[in-house]
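These are the residues of each chain, in order.
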Amino acid sequence: MHTDAKSSAPERGKSFAHVAEASWGKGLSTLLRIMRMTLRHPWQVAITIVSTFIAATLQLLIPRLLGRAIDQAQGVMAEGAGAAAQHALWNTALTLLVVSVLRGLFTMAQNYCGEAVGHRTGYELRLAFYEKIQRLSFAFHDRVHTGDLITLGLLDLDGVRMFFSTGVLRVVLLGVLIGVGAYLLISTDLVLGVLSLSFVPFVAWRSSVTQLRLRSTWLTLQQRLSVLSRVMDENLGGIRVVRAFAAQRHELKKFDRAKQDALGLANERVDIRVSNTSAMNFSFLVAMGLVLWFGGQKVMSGQISVGTLAQFLTFMTILQMPVRQLGLMVNSFARASTCGTRLFELLDTELDIKDAPGARDLVVTDGVLRFEDVGFHYPGSGGRPTLSGISFEAGPGQTIGIVGPPGSGKSTIAHLIPRFYDASSGTITIDGQDIREVTLQSLRKVVGVVQQDAFLFTTSIENNIAYGNPWARETRIERAAESAQLHNYIIGLPSGYTTIVGERGASLSGGQRQRLTIARSLMLRPSVLVFDDSTAAIDAGTEQRIRAAMKRFAKDRVTLIISHRLSSLMHADQILFVEGGRIVERGTHGELLALGGRYRALYDLQLRPDDDRPAALGAA
Amino acid sequence: MSDPRDDEKEDTRGRPAKAVVGSHRDEEEVFGKAYDPRIVRRIWSFVKPYQGRIFISVGAVLVFTLTQLAIPLVIRYAIDHGMAPGRLDRSVMVWATGAFAAVILVNYAASYAQESVVGKVAENVLSDLRRAMFGHLQRVSLSFMDKTEVGRLMSRLQGDVNSMQEFLETSVMSVGDIVLLFGIVSVLLWLDFRLGLLTLSTMPILFIVRLFWLPRAKVAFMAAHETNSIANGALAEGIHGVRTVQSLERQHVNFELYDEKVLANLNAHLRSARYAQVMVPIVDTLTGIAMATVIVVGGSMVLSHSLDVGVMVAFLFYIQRFFDPIRSLTMQYSVMQRAMASGQRISEVLDVPVDVADRQGAVALSRDMDGSVEFRNVTFGYRRNQPVLKNVSFRVNPGETVALVGPTGSGKSSSMALAHRFYDVWSGQVLVGGHDVRDLTQDSLGEQMAMVLQEPFLFSGTVLENIRYHKAGATREEVVRAAKAVGAHDFIEQLPDGYDTELEQRGGNLSLGQRQLISFARALVADAKILVLDEATASIDSYTEMLIQKALIKLLEGRTGLVIAHRLATIRGADRIIVLQNGEIVESGNHEQLMERKGLYARLYNMNYASFDDISEEEMGMDAVAGKAT
Ligand SMILES: Nc1ncnc2c1ncn2[C@@H]1O[C@H](COP(=O)(O)OP(=O)(O)OP(=O)(O)O)[C@@H](O)[C@H]1O
Ligand SMILES: Nc1ncnc2c1ncn2[C@@H]1O[C@H](COP(=O)(O)OP(=O)(O)OP(=O)(O)O)[C@@H](O)[C@H]1O
Ligand SMILES: [Mg+2]
Ligand SMILES: [Mg+2]
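The present account deals with the structure reproduced in this document. (Residues numbered from 1 in each chain as written. Chains lettered and ligands numbered in written order. Predicted model: local features only at pLDDT ≥ 70, side-chain atom pairs only at ≥ 80, totals over all residues. Heavy atoms only, no water.)

Before going further, it helps to spend a moment on the sheet that holds strand 9 (residues 530-534) of chain B. Residue and element names in this part refer to chain B. Taken in spatial order, the six strands of this open sheet run 6-9-10-3-11-12, and their pairing is mixed. On the outer flanks of this sheet lie strand 6 (449-452) and strand 12 (584-589), each paired with one strand and no other. Between one strand and the next, the sheet's axes are offset by a mean angle of 15°, whatever the strand orientation. Two elements, strand 3 (residues 401-405) and strand 11 (residues 576-581), share four bridges in a ladder whose sense is parallel. Looking at strand 11, one finds that Ala403 is bridged to Ile577. Along the sheet, helix 17 (residues 512-525) makes contact with strand 6 and strand 9, crossing strand 6 at roughly 175°. (Pairing = 2+ DSSP bridges. Helix = DSSP H or I, 4+ residues; strand = E, 2+ residues; numbered from the N terminus. Axes fitted to C-alpha atoms, helices over the stretch in contact; angles between N-to-C directions. Contact = heavy atoms within 4.5 Å.)

Structure follows, in C-alpha cells:
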C-alpha cells in the first residue's frame, strides 16, 4: 500500500493567483460550466431572457413613436391638420406611455432576475468553495498562500457570479437591439440605416482589443496587488518582529516598492481604458454627424421626413449605452473565463486525504497504536525522505516519548496519526485497523494532537476551548481548563471565560496559549493523545500539575509526548530518539542512559546535577 | 471531578449554542463611534496635492457637459433653419454640420482629459492613503495592534481604500451630472418656458418617490454591505484556521454556521436588488409621461405653428437624457454613503494615537554605549488595575548575562517588551545604556537591541532574506556565519535551494525548531549590543542548544544578554538569575546561590530534574499556591 503524497497534489510552486491565462478551449469549457450552474435556476433564467427580449423590443419602438409624433405634429401625415391630427398625437402619446411603462417593468424583471440568478449561483459557489477549503489536506494548504485563497474566494468568485448578468444578458440585449434595430432602420432607409450603425463594428473591434489588453494587464496587476497585500499582511502579522528590529523603514521600503509597481500599472490601465472609451464615444458622435448631414440632405430633397430623421437619431442614442458597454461585456467574458478556470481548478482538486471507498468507522477496543516501517516525504522536499523505517507500538495506557534535534521529524510523526498527511510507505494501525481504511471523521475524533504551533480563534476563551465540541456544557469546559491548569487564570480575568482572546492569542502569554490549546484537545477525550512540544513555554511545575491532572484519564489512552525537556518524558514506557527521520535509539529512560548514546548526552546536559557542563549563553 | 464521563450524554445534534465562525463585531467596538465632519477634510487633505489636476478635470467635465447639452441644440438648429418645409437652406446645413463636428471634437478632447486625469488622480490618492495608513500602523503602539485583528486592518487597507477610490472617480462625474441636470432644465425653459415647465413638472414626483424610497433602500444597501463583510470574515477565518478546524473535526459545524451567514448575505442582496430595481419602472414611467406631454402639448403647438418642430425634437432628446443624471446622482448618493463610512474607518486608523513615540529631542543610542539595562521600580500592565509587573527593579551590567525565570504568565515576556519599549511603563523607569528608553529614539534602540521573540515569525522570501532581514548590507558570509553559529547551516544547506529556498507562508515548510533557529540567526546578524532571547531555544534540544551556546561565546563577547527560559538547564550558567512570580521579583542570584536558598528557583529546578512521581503531595500543594495566579 503505497500512497505518494505528491501524486495527487498539484505541482508545487503553482499558486492559484498566478495561473497563466487559460487556453481558449479551457476558457470556453469554463464558461459552459458556469452556464450550466446558472441553469440550475431554469425559471429565473427563462424569465430573465424573455424579459430582456421584450424590454429591448419595446425600447426599439420608442424612436418609431417619437418619429411618428414629430411627423404628426408637422401635419405631414395623412391626418392633415385639425382635430384628427390632435387625436393622432394623443394616440401616439398614450402608446408611448404604455410602451415606456411596460419597458420599465420588463427591465425591472430582467435586472432583478438576472441579479438573483447571479447571487444564487454565488451562494452555491461560496458554499462549495468553503466546503472544499475545509477539506483540502495540509499539503495543499502548505503550498497555497492564504492570501491567494482569499482572493480566489472573493474576487474570482465574484467574477464567476457576475458572468450571467454582466456578460450573457448584455449579449442578448445587444443582439436584440442591433439585430431588430438594424432590420427596422435599414428597411426604413438603407443609407441612413447603414450610417447610423456604422460605428458598431468599430466600437466592437476597439473594445474587444482593448479588453483583451486590459485583461492581460489585469492579471499582472492582480499579481502585483497580491504582492502588496502580502507585504501588508505579513508586516501586520509579524509586527512584533518589525518593531523588535526597528525595521519600519525597511518595511516601508518594501511596501513602497510593491506599491509603486502596482501604481504604475494601474495608471497605465487608466490610459488604455480612457483612450478606448473616448474613441468609442467619438466614433458614435461621428456617425451621428454623418446621419445628420446625409439625413439633412434627404429631408431637404424630400426623400424622408424630419420625423424619420429624428427616429434615426433617437435610435442611435438608445444604442449608445449598450454599445459602450460592449467593453464591459467582453471584460465579463474574459474575467469569468480566467476566474472560473482558477476557481473550478480548486473545486476540482482531488482530495488527497479522504475516506477510502467503503471505509468504516474506527472502533477502538484496547487502544493500540502501531507504526510499521513508516516512511514519509513532504511533497515539497524534493523526494528527500523526512521519515524512514519508523516502527513502534504503544499499548493502552502507555506513554511514548519522542526526542530529537530540530527538524528530525517528530512533528511529522505526530501529523501522520490523524492523517494530516498520508505516510508514503508502511502502515499505521489503531487496534489493528489501518488508519487509511477507516473514516477520517472517526479517526480524528479518536486522535487528539496538541499542535506545536497552535492557532487560536478570535473569540472567547470558552469558545476556543470548546472548539472541537461546541455542544459541551460549561462544567466540562471548566474541567478541561482545570486539567490544563488554566482555570485559575481565567477566573481572575474581568470577564472570565467570555474574555475574547486576540488574534492567534496575542493577549496571552506563551504558556497560557499552550495551556489553552491543551484544554481544547482534552475536550474531545481522545484515545490517542499527542503532545507536540506543547509544554515548551510552560514551567516544569505547571507542567507536572497538568500531567498529574490528566493521569486519571490516561489509563486507557495512548499518550505520545514530544518534548525537549527530558523530565517530561523520562517516565514514558518507551522513549524514541529520532534523528534525520529515523529512530536511532529506543528504550526506557534507564535503558537509554545505560546505552550511553545521544539520549545520554542530552540527559547529561539537562539533568545531571554536576557542574562539568558548558557554560550557559554568554557567560564565558 | 467526580466522574469524568458524567456529561457524556450531551446532545450533539442541533445547532451548538455557542459556536461561531468569524469574529464580526460592530466596527464601532474597536474604533469608537462618533460621526465626525473632519472626515471630509481629512480625505481632502489627501486629494489636495492633486488640486491642480482636479481643477483641470472639473473644467474638462464642465466642457464635456456643455458639449452634451449643445448637441440637441445643433440638431434643432439644423432642423428649424435648414430643413423646415419652405425654409430649406443648404448653407445652414453646412454650418450646422461644421458646428457639430466642432462640438464633438471638443467633446472628445474633454472626455479624454477628464477621465484620464480623474482616473489617475484617484489611483494616486488611493495609493497615498494606503501608504499613510500603513505608515501610521508602523508607529501605533503594540497595545492597539494586540487587540486588533490583522484581517480587520487589511480590510481597511484594501476594501475601504478601494471604495474611496470609487467615490473619487465618480464624484467628479457627478459634478458633470449636476451641471447637466441644471443645464437641461435651463435649456428646456429657455427653448420654451411653458412647455419646459410642464415637462419638468414630473420631476417633483420623482423626488417625492425617492423621499419614501431612500431610507428603506439605504437600510437594505447597508445590510447587503454589512453581511458581505461578515461572510468574508468567516471565510478568512476558515482559511487561516483550517488546520485546527480539521484536527478538531469542526468542518460540519463550521459549514452550517457559514451557510447561515452566506444565506443571510444572499437574502440581503436580493432585498437590496429589489429596492434598486423598483425604481426602474418608476423612472421609465415618468420619462414616458414627460415624453407624452411633449408629444401632446408640444405637438399641438407645432401644429398651430406656435413652436418650431426642431424645438420639439430637442425636447424629446433632452428628456431621454434628463433622467440619466438623476439616476446616476442617486447611485452616487449610495457610493458617497459608503465612502463616508469607509472614510470614517480610514480616519480612525489614521487617528489611532501613537502612544509610544519619540519625544522631542530624543537622542540616538550610540553604538558605544555600555549596554546596561536597568529596571527601576517598574510597574506595568495591559489592563487597567491589573498590573502584570509590580515594582520590579533589577540591573543588567554591561557584558553580563542575566536570566529571567518564573512560572508561566509571570511577566517575563512583558519585561522584555518593556526593555524594547513596545509599551510604556505605568510608573518607574526602564534604562538602556544609562538612558531612560523614553528619551531614546526607537530606531536607535532597535538597532542596539536584537530580540528573538517567543513566537518565531518568518516572512515569505528566501532563507537568506529572512536571516538578513533589514540589514540590507549584510553579506552572504555574515548570514552563513550566523546560521552556522546557531546550528542552522546544515539543514539550510539540505533545503532544495539552500539559502535561496523560498519559505512558505510563515515558514510553514520548516519545523518549529528550525524556524526558531532562523529567527535566532536573524537576531545575530542584526549585530546588536544587547541580545534579548525570549525562549529562543525552547523548541530546540539541549544538545543543539549546547552547541549554540558554545558557538555564541566568541560571537557575543562583551555583549549584554537577557535570557528567558523555562528549561532551567539553558540558563544555569547565567551571571545572575532573576526569579519572577506574579510580576514580582522573588529571588535573584546565580545558580548556586539560588539552589542554596531552596526557594522557588530550587523547587522549579528540582522539578525539572526529578520525576514528578517523586514530588510529594505537599510540594505539589506548595506549588499550587505559588502558581495560583498564573
Ligand atoms: N498583549 C497583551 N494584552 C493583555 N494581556 C497580556 C498581553 N500580553 C500578556 N498579557 C498578560 O500578561 C501576563 C504576563 O504575560 P507574559 O507574556 O509577560 O508572561 P510570561 O512570563 O512571558 O509567560 P510565559 O512563560 O507563559 O511566556 C499574562 O497574564 C498575560 O495573559
Ligand atoms: N510542510 C512542510 N513541507 C516541507 N517540508 C517540511 C514541512 N514541514 C516540515 N518539513 C521538513 O521536514 C523535516 C521534519 O520536520 P518536523 O516538523 O517533523 O521536525 P520536528 O522534529 O518536529 O522538529 P522541531 O523539534 O523543530 O519541531 C524538517 O526538515 C522540515 O524542514
Ligand atoms: Mg516539531
Ligand atoms: Mg513569555
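On to the pattern of salt bridges, then. All names here are of chain A. The full count for this structure, using the stated rule, is 40 salt bridges over all chains. Residues Asp158 and Arg161 are paired through a salt bridge, measuring 3.0 Å at the closest nitrogen-oxygen approach. One end of the pair, Asp158, and the other, Arg161, are both in helix 6 (residues 146-161), three residues apart, so they sit about a helical turn from each other. Judged by its relative accessible area of 30%, Asp158 falls in the partly exposed class. (Salt bridge = Lys/Arg side-chain N within 4 Å of Asp/Glu carboxyl O. Buried < 20%, exposed > 50% of the residue type's maximum accessible area, 1.4 Å probe, protein only.)

Residue and element names in this part refer to chain B. One non-glycine residue with positive phi stands out, namely Glu535, at about 55°. You can see Glu535 is positioned in the loop between strand 9 and helix 18 (542-555). Among the residues examined, Glu535 registers a relative accessible area of 4% and is labelled buried. Phi at Asn582 takes a positive value of approximately 50°, unusual for a residue other than glycine. Turning to its location among the elements, Asn582 is positioned in the loop between strand 11 and strand 12. What makes Asn582 partly exposed here is its relative accessible area of 25%.

Turning our attention to the coordination of the magnesium ion (ligand 3). Residue and element names in this part refer to chain A. Here the magnesium ion (ligand 3) is held by Ser411 (OG) and Gln452 (OE1), and the distances to it run 1.8 to 2.2 Å. Taken together, the residues Ser411 in helix 14 (residues 410-416) and Gln452 in the loop between strand 6 (447-450) and helix 16 (461-465) connect sequence positions 41 residues apart. Taking relative accessible area as the criterion, Ser411 reaches 16% and is therefore assigned buried. (Donors = N, O, S within 2.8 Å, 3.2 Å for Na, K, Ca; no water.)

Take the site of ligand 1 next. Taken together, 22 residues form the shell around ligand 1, and within it Tyr489, Gly511 and Gln512 of chain A together with Ser413 and Ser414 of chain B come nearest. Neighbouring residues of ligand 1 are not confined to one chain but are distributed across chains A and B. A distance of 2.7 Å is found between a nitrogen atom of ligand 1 and a side-chain nitrogen or oxygen belonging to Asp146 of chain B. Within the backbone of Gly409 of chain B, one N or O atom sits 2.8 Å away from an oxygen atom of ligand 1. For ligand 1, the protein covers 93% of the area, taking 630 Å² as the surface of the free molecule. Of all elements in the fold, only helix 19 (510-522) of chain A together with helix 12 (412-419) of chain B reach the threshold of two or more residues within the shell around ligand 1. Looking at the shell around ligand 1 residue by residue, the class counts come to seven nonpolar, 13 polar and two charged. (Near = heavy atom within 4 Å. Polar contact = N/O pair within 3.5 Å; in protein donor to acceptor, adjacent residues only side chain to side chain. Areas by Shrake-Rupley, 256 points an atom, 1.4 Å probe, with all protein chains shown as cover. Nonpolar A, V, L, I, M, F, W, Y, C, P; charged D, E, K, R; others polar.)

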